[in-house]
Amino acid sequence: MNNGLDHRLLATRPAPIGIFDSGVGGLTVLREIYRQLPNESVLYFGDTARLPYGSRSPEEILYFVRQILTWMAEQGVKMVIMACNTSSALALDPVQGEFPFPVLGLIRPGAQAAALQGRRIGVIATQATVTSRAYTHAIQEINPTCQVWEVGCPNFVPIVEQNQIKDVQAQRVAATYLQPLIAANIDTLVYGCTHYPHLAPVLKPILPATMQYVDPAISMVAAAAKELDALGLRSSTPAWSTEFYVSGSAPEFKRLAVQWLGHQPTVRQVRLPELVANPKG
Ligand SMILES: N[C@@H](CCC(=O)O)C(=O)O
């Protein structure tokens, strides 16, 4: 990638990896970064004032992503990992090469892992991701013999963001969404939204014990590690603690995130830069 920036020069000063999601879904990706890239410092942005992304138009999502990447560029990130499938499905290709750092998405790594593991693949995702058919196209490009069923699960993100995972209503909603995938006799389930691994304790009991699960974050972070090495950007010094930023309420994010982080994070509210082409006018 030629974007006018010498990545080897950047490697001499500690710079964080930027990751973003609409809300707490990105914490499932952050967990994977902690596991695979323990020396990397992370700057996390949750666009909580504008979630859910899954019911937004492709134009809105692209605009939000450009705003976030512009802000992250100002923060001096060395790489951005989209911790959001909806953004990866709808905005990764257009923004590639627009910023002076690599930007990675979840769809291709997730599709690769799915095509390697299964033949009858179910994808649960936001409505926007399902409508884009990004997973079906990516999986079948890798292995045209794979069959793919995509199901939009619009109620899952509110359940996670409103901390209702343990409510019986969550089980009912999950059973309804998974029913067509069980009927299709899938052998592999892809968490096509980063919020959904938080729902694993609800989903797994509903599905056959033989089901294989794909969390695209695992292969995406592995790909990020390779890219950092290739660019000479891998950190060799210990990470500083993750900085969390949100567009909505900082105390609310803090209250919700603590159950997955295991500690009270410091969360700050930020205002993203307005860009010239705003789809809302
Ligand atoms: N974390 C979500 C975004 C969910 C939403 O805001 O609808 C994703 O990966 O697609």
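Residues numbered from 1 in each chain as written. Predicted model: local features only at pLDDT ≥ 70, side-chain atom pairs only at ≥ 80, totals over all residues. Heavy atoms only, no water.

Asks: Whenever I open this one, the UniProt feature "active site" (unreviewed entry) in the protein chain confuses me. Can you help?
Replies: The UniProt entry lists Cys84 and Cys193 under the feature "active site" (unreviewed entry), expressed in the numbering used here. Considering the C-alpha atoms alone, the annotated residues occupy 110 residues of sequence yet fold into one spot, their largest mutual distance being 6.6 Å. Lining the largest cavity, from the residues named above, are Cys84 and Cys193. Residue position: Cys84 is located in the loop between strand S3 (79–82) and helix H4 (85–95). Given a relative accessible area of 3%, Cys84 falls into the buried group. (UniProt positions renumbered as here; feature names shortened; annotations may be inferred. 1 Å grid on protein atoms, 1.4 Å probe; cavity = no way out; pocket = protein on both sides within 12 Å on 5 of 7 lines; lining within 4 Å. Helix = DSSP H or I, 4+ residues; strand = E, 2+ residues; numbered from the N terminus. Buried < 20%, exposed > 50% of the residue type's maximum accessible area, 1.4 Å probe, protein only.)

Asks: So what exactly am I meant to see when it comes to empty space enclosed by the protein here?
Replies: This structure, assessed with the given rule, holds one cavity of 30 Å³ or more. There is about 80 Å³ of room inside the largest cavity. In terms of lining, the largest cavity is formed by 14 residues, of which the most central are Ser22, Thr86, Thr126, Cys193 and His195. Residues that form the lining of the largest cavity fall into these classes: five nonpolar, eight polar and one charged. (Points joined across faces, edges and corners; volume = space filled by probe spheres on them. Nonpolar A, V, L, I, M, F, W, Y, C, P; charged D, E, K, R; others polar.)

Asks: Sorry if this is basic, but what is going on with the site of the ligand here?
Replies: Neighbouring the ligand are 13 residues, the closest being Asp21, Ser22, Tyr53, Asn85 and Thr86. Measuring from a nitrogen atom of the ligand, one finds a side-chain N or O atom of Thr194 at 2.8 Å. Computed on the free molecule, the ligand has an accessible area of 300 Å², of which 99% lies beneath the protein chains in the complex. With respect to the detected pockets, the ligand is housed in the largest cavity. Taken together, the residues of the shell around the ligand break down into five nonpolar, seven polar and one charged. (Near = heavy atom within 4 Å. Polar contact = N/O pair within 3.5 Å; in protein donor to acceptor, adjacent residues only side chain to side chain. Areas by Shrake-Rupley, 256 points an atom, 1.4 Å probe, with all protein chains shown as cover. Sits in = over half its atoms within 2 Å of the grid points.)

Asks: How should helix H2 (residues 27–36) be read in this particular structure?
Replies: Within an α-helix, residues lying three or four positions from one another point in the same direction, as the helix has 3.6 residues per turn. If you check which residues of H2 are buried, you get Leu27, Thr28, Val29, Leu30, Glu32 and Ile33. Buried-residue contacts for H2 involve strand S1 (17–21), strand S2 (42–46), S3, helix H11 (216–231), strand S9 (243–246) and helix H12 (250–261). (Contact = heavy atoms within 4.5 Å.)

Asks: Would you explain the environment of Ile218 in this entry?
Replies: Residue placement: Ile218 occurs in helix H11. Taking the C-alpha atoms as reference points, Ile218 and Ile139, separated by 79 residues in sequence, lie 16 Å from one another. Excluding residues that lie within four positions of it along the chain, Ile218 makes contacts with Glu32, Arg35 and Gln36.

Asks: Can you help me understand unusual backbone geometry in this one?
Replies: The general pattern is negative phi for most residues beyond glycine and trans for most peptide bonds. At the junction of Leu51 and Pro52, the peptide bond is cis and its omega measures out at 0° in the coordinates. Mapping Pro52 onto the fold places it in the loop between S2 and helix H3 (58–74). One non-glycine residue, Asn163, lies in positive phi territory at about 60°. Residue placement: Asn163 occurs in the loop between helix H8 (156–161) and helix H9 (168–183). Assessed through its relative accessible area of 43%, Asn163 is described here as partly exposed.

Asks: Help me understand the packing of aromatic side chains, please; the structure alone is not making it clear to me.
Replies: The full count for this structure, using the stated rule, is 10 aromatic pairs. Measuring from ring centre to ring centre gives 5.5 Å for Tyr53 and Phe64, while their planes differ by 40°; the resulting arrangement is tilted. Of this pair, Tyr53 sits in the loop between S2 and H3 while Phe64 sits in helix H3; the two residues are 11 residues apart in sequence, bridging distant segments of the chain. We note that Tyr53, like Phe64, is buried. Ring centres of Tyr191 and Tyr213 lie 5.9 Å apart, and the angle between their planes is 20°; on these two criteria the pair is classed as stacked. Here the residue Tyr191 occupies a position in strand S7 (residues 188–191), and Tyr213 occupies one in strand S8 (residues 212–214), the gap between them amounting to 22 residues. Note on Tyr191: relative accessible area 5%, which makes it buried. For Tyr213, a relative accessible area of 21% corresponds to the partly exposed category. Among the aromatic residues, ring-to-ring pairing joins Tyr44, Phe244 and Phe253 into one connected group. (Phe/Tyr/Trp six-rings, centres within 6.5 Å; stacked < 30°, edge-to-face > 60°.)

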